[in-house]
Amino acid sequence: MLEMTRTDPEWKDKIITGDEKWVYGDDPETNRQSTEWRGQEKWTDGDWILHHDNDRLHKTHLVTSVLEKNGTQILPQPPYSPDIAPNDFFLFPKLKAVLKGRHFDTRDDIIEKSPLALKSIPKEAYKNCFDNWEKRWR
């Protein structure tokens with residue numbers, strides 16, 4: 001990542017980072033339904049880089065074959081390194097601070113409240129997060 005920064009200082013603008021977070025709610029769907037990958041991703045010009053952690057689910061044949069088929073560039077990450085995953089050191093703690101102790105009756109309730117919590121984080125904080133991310137690589 002440091003080498004990529006040396007050769008292209010703007011490469012971080014192409015990062016799409018993702019992870020999963022458990023949010024508890026009362027939902028009548030079955031366990032099988034809740035583990036299905038839903039929705040259809042939109043693959044555009046491929047001018048982006050996916051950053052996700054090394055969770056074993058991200059390494060499954062299904063996930064890797066879909067990413068490979070679509071030519072998705074993946075940012076490598078050292079094994080178990082939450083100290084350099086922006087979701088772990090920045091986003092989830094902020095999200096948890098806003099949603100902590102709240103009870104959600106439906107999935108729709110979670111879907112409605114989570115973006116509100118994310119939008120309450122100042123834009124400057126996101127910029128600082130990526131500056132801090134680079135410091136963590138060192």
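The model shown is predicted, which means the values in this text are computed figures rather than measured ones. (Residues numbered from 1 in each chain as written. Predicted model: local features only at pLDDT ≥ 70, side-chain atom pairs only at ≥ 80, totals over all residues. Heavy atoms only, no water.)

Asker: How should I be thinking about the packing of helix α4 (residues 86–99) against helix α6 (residues 123–137) in this particular structure?
Answerer: Helix-helix packing is characterised by the crossing angle of the two axes and by the distance between the axes. Running from amino to carboxyl end, α4 crosses α6 at an angle of 155 degrees, the nearest separation of the two axes being 10 Å. The orientation of α4 relative to α6 falls into the category roughly antiparallel. As for how α4 packs across α6, the hand of that crossing is right-handed. Along its contact with α4, which presents P86, F89, F90 and L91, the element α6 presents A125, Y126, C129, N132, W133 and R136. Looking at the contact of α4 with α6 residue by residue, the classes come out as eight nonpolar, one polar and one charged. (Axes fitted to C-alpha atoms, helices over the stretch in contact; angles between N-to-C directions. Helix = DSSP H or I, 4+ residues; strand = E, 2+ residues; numbered from the N terminus. Parallel < 35°, antiparallel > 145°, perpendicular 65-115°, else oblique. Left-handed = near helix turned anticlockwise from the far one by under 90°. Contact = heavy atoms within 4.5 Å. Nonpolar A, V, L, I, M, F, W, Y, C, P; charged D, E, K, R; others polar.)

Asker: What's the story with helix α5 (residues 107–119) in this structure? I'm lost.
Answerer: Along an α-helix, a turn takes 3.6 residues, which lines up residues three or four apart on a common side. Here α5 contains 13 residues, and its C-alpha end-to-end distance of 19 Å stays within 8% of the 18 Å for a straight helix at 1.5 Å per residue. Within α5, the full set of buried residues consists of D109, I110, S114 and A117. End-on view of α5: buried residues confined to an arc of 120 degrees, all on one side of the axis. Residues D108, I111, L116 and K119 are exposed on α5 and point more than 90 degrees away from its buried face. Against the buried residues of α5 lie α4. (Expected span 1.5 Å × (residues − 1). Buried < 20%, exposed > 50% of the residue type's maximum accessible area, 1.4 Å probe, protein only. Arc of directions from axis to C-beta.)

Asker: For this particular structure, what's the right way to read the packing of aromatic side chains?
Answerer: The description of an aromatic ring pair rests on the distance of the ring centres and on the angle between the ring planes. Using the criterion set out here, one finds five aromatic pairs in the structure. Both rings, one in W11 and one in W133, keep their centres 6.3 Å apart while their planes meet at 45 degrees; by these two values the pair is tilted. One end of the pair, W11, is in the loop between α1 (2–7) and β1 (15–17); the other, W133, is in helix α6, and 122 residues separate them in sequence. Both residues of the pair, W11 and W133, count as buried. Between W133 and W137, the ring centres sit 5.1 Å apart and the planes meet at 70 degrees, which makes this aromatic pair edge-to-face. Note that W133 and W137 are positioned in helix α6 at a spacing of four residues, about one turn of the helix. For the pair W133 and W137, one class covers both residues: buried. Through a chain of ring-to-ring contacts, the aromatic side chains of W11, F130, W133 and W137 assemble into a single cluster. Residue placement shows R136 over the ring face of F89; its charged tip is 3.8 Å from the ring centre. (Phe/Tyr/Trp six-rings, centres within 6.5 Å; stacked < 30°, edge-to-face > 60°. Lys NZ or Arg CZ within 6 Å of the ring centre and 35° of its normal.)

Structural measurements only, silent on function.
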